[in-house]
Amino acid sequence: MAVSRAIDKLNDSIAAVVAWALLLAVLICAGNALVRYSLNMSSNAWLEIQWYLFAAVFMLASPHTLRRDEHVRIDVVTGRFSKRTQVWLDLFGYLFFLMPVCLVILYYGIPFGLESLRNGEMSSNAGGLIVWPAKILVAVGFALMILQGVSEIIKRVAYLRGRLDASAFTKHATSPEEEIEAIKQANQIN
């Protein structure tokens with residue numbers, strides 16, 4: 001469980017930093033649009049930095065999404081099963097789908113990013129940026145996803161052995177009462 005907690009902490013920390021990248025991307029996007037339409041000026045570099053930031057958000061925050069059980073699921077089907085059966089289905093999905101796909105992408109993603117870095121690959125657009133940071137994000141993102149997959153497997157096995165409560169890895173759906181209480185507390189702060 002210590003390994004699982006360390007992986008969870010790593011991906012939570014990365015997601016907290018990446019949240020700022022999303023804000024930066026939105027600000028750059030808005031600023032670029034304002035300058036483009038008001039002054040009739042723009043740069044490919046500004047467009048590409050937005051792309052890089054959105055790629056970073058997607059690639060680096062996806063493991064955090066998996067950890068929080070916020071990824072796309074088939075709850076309509078699996079919700080009819082017992083919690084134990086749902087955990088077995090999760091394990092099956094992690095072992096036979098998530099991990100193999102991530103390992104294949106990582107296997108091809110590492111040379112993909114390193115080749116771009118070695119060549120000092122630049123964007124083909126006039127005024128564009130270097131490309132290798134975005135390509136390296138593929139390998140980094142999938143390496144983090146593999147780690148999070150290992151963490152999720154550890155938690156599911158611990159649950160099946162009776163050593164962990166399911167609340168440690170399932171999404172907590174807020175009730176309407178909890179949402180109302182949160183709104184009340186937020187209004188008291190102001």
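Before reading on, note that the structure itself is shown above.
What counts, and at which threshold
Residues numbered from 1 in each chain as written. Predicted model: local features only at pLDDT ≥ 70, side-chain atom pairs only at ≥ 80, totals over all residues. Heavy atoms only, no water. 1 Å grid on protein atoms, 1.4 Å probe; cavity = no way out; pocket = protein on both sides within 12 Å on 5 of 7 lines; lining within 4 Å. Points joined across faces, edges and corners; volume = space filled by probe spheres on them. Nonpolar A, V, L, I, M, F, W, Y, C, P; charged D, E, K, R; others polar. Helix = DSSP H or I, 4+ residues; strand = E, 2+ residues; numbered from the N terminus. Phe/Tyr/Trp six-rings, centres within 6.5 Å; stacked < 30°, edge-to-face > 60°. Buried < 20%, exposed > 50% of the residue type's maximum accessible area, 1.4 Å probe, protein only. Expected span 1.5 Å × (residues − 1). Bend = angle between axes of the 7 residues up to and from the residue. Polar contact = N/O pair within 3.5 Å; in protein donor to acceptor, adjacent residues only side chain to side chain. Contact = heavy atoms within 4.5 Å.

*Asks:* Could you give me a rundown of the layout of surface pockets, with the residues and numbers involved?
*Replies:* Considering only enclosed or pocket space, the largest pocket measures out at about 370 Å³ in volume. Around the largest pocket, the lining is made up of 14 residues, and of these H71, V72, R73, D90 and G93 lie nearest the centre. Counted by class, the lining of the largest pocket contains 8 nonpolar, 4 polar and 2 charged residues. Empty space within the second largest pocket amounts to approximately 220 Å³. Surrounding the second largest pocket, F58, M59, S62, T65, L66, H71, V72, C102, G141, F142 and M145 form its lining. Top element by residues in the lining of the second largest pocket is helix 2 (residues 44-67). It accounts for 5 residues. Its residues assigned to classes, the lining of the second largest pocket comprises 7 nonpolar, 4 polar and no charged.

*Asks:* Describe in detail the packing of aromatic side chains, supporting the description with residues and values.
*Replies:* Under the counting rule described, the total for this entry stands at 5 aromatic pairs. Ring geometry for F92 versus F96: centroids 5.0 Å apart, planes at 40 degrees, classification tilted. Placement of the pair is F92 and F96 together in helix 4 (residues 83-119), with a separation of 4 residues, close to one helical turn. What makes F92 partly exposed here is its relative accessible area of 44%. Of the residues examined, F96 reaches a relative accessible area of 54% and is grouped as exposed. Summarising the aromatic geometry, the rings of F92 and F97 are spaced 5.9 Å apart at their centres and angled 70 degrees between planes, so their arrangement reads as edge-to-face.

*Asks:* Which residues make up helix 2, and what are the values?
*Replies:* Its 24 residues give helix 2 an end-to-end C-alpha distance of 35 Å, which sits within 8% of 34 Å, the value for a rise of 1.5 Å per residue. At A61, helix 2 is bent by approximately 40 degrees, the largest bend along its length, and proline P63 sits one to four residues beyond. At the N-terminal end of helix 2, a side-chain oxygen is found 3.1 Å from the backbone nitrogen of A45, two or three residues along, and the residue is S43.

*Asks:* Lay out the environment of L129 with the relevant residues and their values.
*Replies:* Positionally, L129 belongs in the loop between helix 4 and helix 5 (132-160). Sequence-distant contacts of L129, defined by excluding residues within four places in its chain, comprise A45, E48, I49, Y52, M122 and S123.

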